[in-house]
Every structure is written in structure tokens, then in C-alpha cells.
Amino acid sequence: MYQFNEARTTELLKRLVETPSPSGFTEKVMKVISDEFTNIGVTYKRTNKGAIIATVKGKDDSRHRLLTAHTDTLGAMVKEIKSNGRLKLAMIGGFNWNAVEGEYCHIHTASGKEVRGTILMHQTTVHVYRNSGTAERNADNIEVRIDEKVKNAAETKALGIEVGDFVSFDPRFEVTPSGFIKSRHLDDKASTALLVDLVRSVTENGIELPNTTHFYISNNEEIGYGGNSNITPETVEYIAVDMGQ
Ligand SMILES: [Zn+2]
């Protein structure tokens with residue numbers, strides 16, 4: 001029988017949420033997954049789009065089951081470097097700007113450098129902008145203030161920051177004394193951690209599943225297609241494990 005290992009799953013979840021992975025920037029987080037599957041000793045393959053499918057052979061190998069979760073998260077991309085050195089953003093995935101106002105972030109440069117910043121309204125202070133509370137939270141008013149001494153676009157570019165760089169939001173992982181786990185990226189890394197632990201438990205304990213079962217860890221759900229390719233024709237049951245609020 002499957003034994004849920006809370007400590008092991010929580011540790012993996014922490015590692016997953018602390019590995020930035022907005023859709024399109026998922027190489028590092030998928031390396032965490034492939035390392036886990038290698039360590040478990042389960043057979044897996046990489047799809048051309050970067051997803052990973054682990055397969056556990058079951059009693060009935062003619063009718064397959066598939067479970068899927070995703071590792072990519074919401075995030076943003078640098079849309080413009082403003083003349084004051086701050087950044088305008090484009091969304092990756094769908095959310096409201098007010099959900100990230102005040103959030104700390106990383107800007108990931110093409111060379112692999114990470115620069116810290118804060119996502120703010122341009123009209124931050126009530127003393128200067130009387131409409132700061134009511135101004136619309138949109139791509140024009142939201143900007144990133146970089147935690148470096150930059151006063152113009154040239155100084156920002158000198159840090160290696162360019163249009164098209166990925167921006168990830170801080171995960172704020174926390175296990176409360178009452179046992180709740182909080183993080184911005186529980187969608188869908190909580191499900192991913194559970195599925196990986198399920199594969200580990202089944203493999204370690206030599207459990208024979210009734211059907212050959214695929215564990216499909218997708219890296220592109222937030223931008224629309226998720227686990228909808230590379231499904232074997234033998235698959236007759238498919239469950240997507242994902243989050244609501
Ligand atoms: Zn999701």
C-alpha cells in the first residue's frame with residue numbers, strides 16, 4: 001500500500017518552489033525532477049518540449065493510466081526598460097497585477113545572473129500621487145524597482161538586463177506551526193511533489209500497480225497545453241492533478 005511520506009514530500013516541495021520556473025524557464029526545475037527519477041530508479045523519458053514521463057509497468061500492460069502535474073508557474077518577462085532604469089513587465093500565464101504588487105522578484109539575465117527587485121506601482125506614495133490607491137493595477141502602472149544603484153536605462157542594461165529576461169516571483173515557502181504549507185507556487189508544485197513521492201513509494205516497496213501507469217510532469221501548463229502531447233495510445237484513463245484556490 002502507498003505510504004505518504006510527509007517529511008520527504010515537504011522537503012521536495014520546498015526545493016521545487018525555491019527553484020524559479022515561470023513557463024519557458026523550466027530547465028532547472030525539470031533537472032530536479034529528472035534527478036529525483038534517476039535516484040528512484042524509475043524508467044523515464046524527456047519529451048521534445050521538455051516534459052518528463054516516468055513509467056511504472058503494471059499487471060495489465062495493454063490498458064495504461066496516466067497522472068499529470070506541472071512544474072511551470074506564473075511569472076513575468078521584461079517588456080521594456082524605462083528611461084528611469086525601472087522595468088515594465090509582460091505577464092506569463094494569467095493573473096491580476098494586484099496579486100504581485102509589493103512582491104520581491106528575481107530578474108534572470110541571459111548570462112544566468114540573478115538580480116533582485118521589487119514589483120511596485122509607479123504611483124507608490126500617497127504624498128506624491130493622490131490617486132495611488134485607486135490607480136489601475138496594469139502593465140503601464142506596475143514596474144520593477146531594481147535593488148541596484150540604477151537611475152537610467154543604460155545603467156540597468158549595464159547589469160546585463162534586457163527585454164525578454166524572465167522575472168520570477170518569490171515563493172515565500174512556509175510551514176506554519178499548525179501544519180499548513182504556504183507558498184506562492186503550490187500550483188502545481190504541491191501536486192508534482194506528491195506524484196514524485198508516489199512513484200518513489202511504489203518503486204521502493206515493489207508495489208505492482210493494476211495497470212501500467214505514466215507519471216507525466218509537464219513544464220508548460222500555465223501557457224495552455226500542459227500534458228496534452230506524447231500520451232501513449234494505450235492510455236485509457238487520464239487524471240490531471242492541479243490546484244484550485
Ligand atoms: Zn496549475
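Residues numbered from 1 in each chain as written. Predicted model: local features only at pLDDT ≥ 70, side-chain atom pairs only at ≥ 80, totals over all residues. Heavy atoms only, no water.

Points about the layout of surface pockets
Think of a ball as big as a water molecule: rolled over the atoms, this probe shows where empty space is left. Counted only if it meets this: Using a 1 Å grid laid over the protein atoms alone, points where a 1.4 Å probe fits but cannot get out form a cavity; open sets with protein on both sides within 12 Å along at least 5 of 7 lines form a pocket; any residue with an atom within 4 Å of a point counts as lining. Grid points are joined across faces, edges and corners, and a volume is the space filled by probe spheres set on the points. We call Asp, Glu, Lys and Arg charged. Ala, Val, Leu, Ile, Met, Phe, Trp, Tyr, Cys and Pro are nonpolar, and the rest, Gly among them, are polar.
Empty space within the second largest pocket amounts to approximately 170 Å³. Forming the boundary of the second largest pocket are Arg 65, Leu 66, Leu 67, Leu 198, Val 202, Leu 209, Pro 210, Asn 211, Thr 213, Phe 215, Glu 237 and Ile 239. Here the lining of the second largest pocket is built from residues that sort into eight nonpolar, two polar and two charged.

Comments concerning the coordination of the zinc ion
Each angle at a metal carrying four tetrahedral donors should ideally be 109.5 degrees, and each at a metal carrying six octahedral donors should ideally be 90 or 180 degrees. Which entries qualify depends on this criterion: Donor criterion used throughout: N, O or S atom within 2.8 Å of the metal, extended to 3.2 Å for Na, K and Ca. Water excluded; incomplete-looking sites may result. Note on geometry labels: four donors, all angles 85 to 135 degrees, give tetrahedral; four donors become square planar and six octahedral when opposite donors are over 155 degrees apart and every other angle is between 65 and 115; remaining cases are irregular. Only DSSP runs of H or I reaching four residues or more are called helices, and only runs of E reaching two or more are called strands; each is numbered from the N terminus.
The coordination sphere of the zinc ion contains the protein donors His 70 (NE2), Asp 187 (OD), Asp 242 (OD) and Asp 242 (OD), at a distance range of 2.0 to 2.6 Å. Note that the zinc ion binds four donor atoms; their angles at the metal cover 53 to 140 degrees, and the shape is irregular. The sequence pattern describing where the donors of the zinc ion fall on their chain is H-x116-D-x54-D. With His 70 in strand 3 (residues 60-70) and Asp 242 in the segment after strand 13 (235-240), this residue pair connects regions lying 172 residues apart in the sequence.

Digging into the pairing of strand 3
For a regular strand, the rule is simple: side chains alternate between the two faces of the sheet. This is how the line gets drawn: We call two strands paired when DSSP finds no fewer than two bridges between them.
Direction of pairing for strand 3 relative to strand 12 (residues 211-218): parallel, over a ladder of seven bridges. Bridge pairing in strand 12 links Asp 60 to Asn 211. Looking at chain direction, strand 3 and strand 13 are connected through five bridges and run parallel. In the sheet register, His 64 faces strand 13, and the bridge partner there is Thr 235.

Regarding the nonpolar core
The criterion, for reference: Throughout, nonpolar core names a set of buried Ala, Val, Leu, Ile, Met, Phe, Trp, Tyr and Cys residues whose side chains join them through atoms within 4.5 Å. Working definition: with a 1.4 Å probe on protein chains only, accessible area under 20% of the residue-type maximum means buried, over 50% means exposed, and in between means partly exposed. Contact criterion: two residues are considered in contact whenever any of their non-hydrogen atoms come within 4.5 Å of each other.
Counting 28 residues, the largest nonpolar core has Leu 13, Leu 16, Ile 33, Phe 37, Val 42 and Phe 215 as the members making the most contacts within it. Sorting the residues of this core by element identifies helix 1 (6-17), helix 2 (27-40), strand 2 (52-56), strand 3, helix 4 (186-204) and strand 12 as the ones contributing at least two each. With eight residues, the top contributor of residues to this core is helix 4. Residues in contact with Ile 33, not counting those within four places in the same chain, are Leu 16, Ile 52, Thr 71, Thr 192, Val 196 and Ile 217. Membership of the second largest hydrophobic core comes to 22 residues, among which are Leu 87, Cys 105, Ala 135 and Ile 161.

Notes on the domain arrangement of the protein chain
Short version of the rule: An automatic or database domain assignment supplies the start and end points of every domain. When two parts are put together, the accessible area they lose, computed with a 1.4 Å probe and summed over both, is reported as buried area. By definition, a salt bridge exists where a carboxyl oxygen of Asp or Glu is found within 4 Å of a side-chain nitrogen of Lys or Arg. The term polar contact refers here to a pair of N or O atoms within 3.5 Å; inside protein, the definition further demands a hydrogen-donor-capable atom paired with an acceptor-capable atom, and it admits residues adjacent in sequence only when both atoms are side-chain atoms.
Domain annotation of the protein chain identifies domain 1 (6-72 + 185-240) and domain 2 (75-171). Averaged C-alpha coordinates put domain 1 and domain 2 at centres separated by 32 Å. Tallying the contact residues gives 11 residues for domain 1 and 11 residues for domain 2. Around 800 Å² of area is buried between domain 1 and domain 2 when both sides are counted, 72% of it from carbon and sulfur atoms. Of all residues in domain 1, Pro 22, Phe 25 and His 185 bury the most surface against domain 2, accounting for 50% of the area lost on that side. Where domain 1 meets domain 2, there are zero salt bridges. At the junction of domain 1 with domain 2, the criterion picks out one residue pair in polar contact (both at pLDDT 80 or more).

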